[in-house]
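Below are the chains, spelled out letter by letter.
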Amino acid sequence: MSGHSKWATTKHKKAVVDARRSSMFAKLIKNVEVAARTGGGDPAGNPTLFDAIVKAKKSSVPNDNIDRAVKRGSGAEAGGADYQSIMYEGYAAHGVAVLVECLTDNRNRAAADVRIAFSRNGGSMADPGSVSYLFTRKGLVLVPKDEDGEVDEDAVMGAVLDAGAEEVNDLGDAFEVISEPTDLVAVRDALSGAGLEYDSAEASFVPSMQVPLPADQAESVIRLVDVLEELDDVQNVYANLEVPDEVLAARG
């Protein structure tokens, strides 16, 4: 799991300083709006909205944009779109399984864009259920390390063990806490209660097995993931690729 986790962490770090910031902002704001529409506009009573707002703020989305998204989603302000959540499944080159999570107000556009991205980058779409069984829904919380070393594995483990955490992975410059999705709120609350900051807390898809590839083949898969992530309707992309260390280092 660590190769996948480190890759996801690298993507997260790069997203914060991404040159395509306006595109990233739009996706984070869409996430906030949908969370507010689904569970109401009060973050205290809507954990999904709370985490979406935290993630947006960590990525420097302006507070005004976040507030307006909450109002649109909750119906307090007009103008919200009718976003639908859709999961597409497919294979990248070399047999790597890919899940593509979309939030879109146009299913036909989303499907066409995802299909073109696969076909132009050595991949292919797959039937529903043919790929998703290779992934498990988990809660993931990312805890950054601090410069003075006070945030260590023992501190993180001690904070989350009784909250339902299943494992803590050292990703180099951060710790990843994995739990069942139903324990995600308890885990992030336990971290906050222990005075430990986290960068993100969200339900994610973790591969049950990974496909190891040499660097040149891994790069072709990552290119497909990059193209998919640039699509406006795509929120998250998950792949069961075991990313070689030299590829991670080059992208870090």
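It should be noted that the structure appears before, not after, this text.
Below is a short write-up of the structure. As the structure is a prediction and not an experimental result, all values here were calculated from the model.

A short note on the pairing of strand 1 (residues 84-91)
- As defined by bridge partners, strand 1 adjoins strand 2 (residues 97-104) across eight bridges and the pair is classed as antiparallel. Residue G90 lies in a different strand from strand 2, and its bridge partner there is V98.
- From the end of strand 1 to the start of strand 2, which pair antiparallel, there are five residues, and H94 there has a positive phi angle of about 65 degrees.
- Direction of pairing for strand 1 relative to strand 3 (residues 124-126): antiparallel, over a ladder of three bridges. The residue bridging Y91 from the neighbouring strand is S124, located in strand 3.

Regarding the packing of aromatic side chains
- Evaluation of the coordinates by the stated rule reveals one aromatic pair.
- Ring plane angle 65 degrees and centroid distance 5.4 Å describe the contact between F205 and Y238, whose orientation is recorded as edge-to-face. Of this pair, F205 sits in strand 7 (residues 200-207) while Y238 sits in strand 9 (residues 234-239), placing them 33 residues apart in sequence.
- The buried category is assigned to F205, whose relative accessible area is 14%.

The rules behind each value
Residues numbered from 1 in each chain as written. Predicted model: local features only at pLDDT ≥ 70, side-chain atom pairs only at ≥ 80, totals over all residues. Heavy atoms only, no water. Pairing = 2+ DSSP bridges. Helix = DSSP H or I, 4+ residues; strand = E, 2+ residues; numbered from the N terminus. Phe/Tyr/Trp six-rings, centres within 6.5 Å; stacked < 30°, edge-to-face > 60°. Buried < 20%, exposed > 50% of the residue type's maximum accessible area, 1.4 Å probe, protein only.

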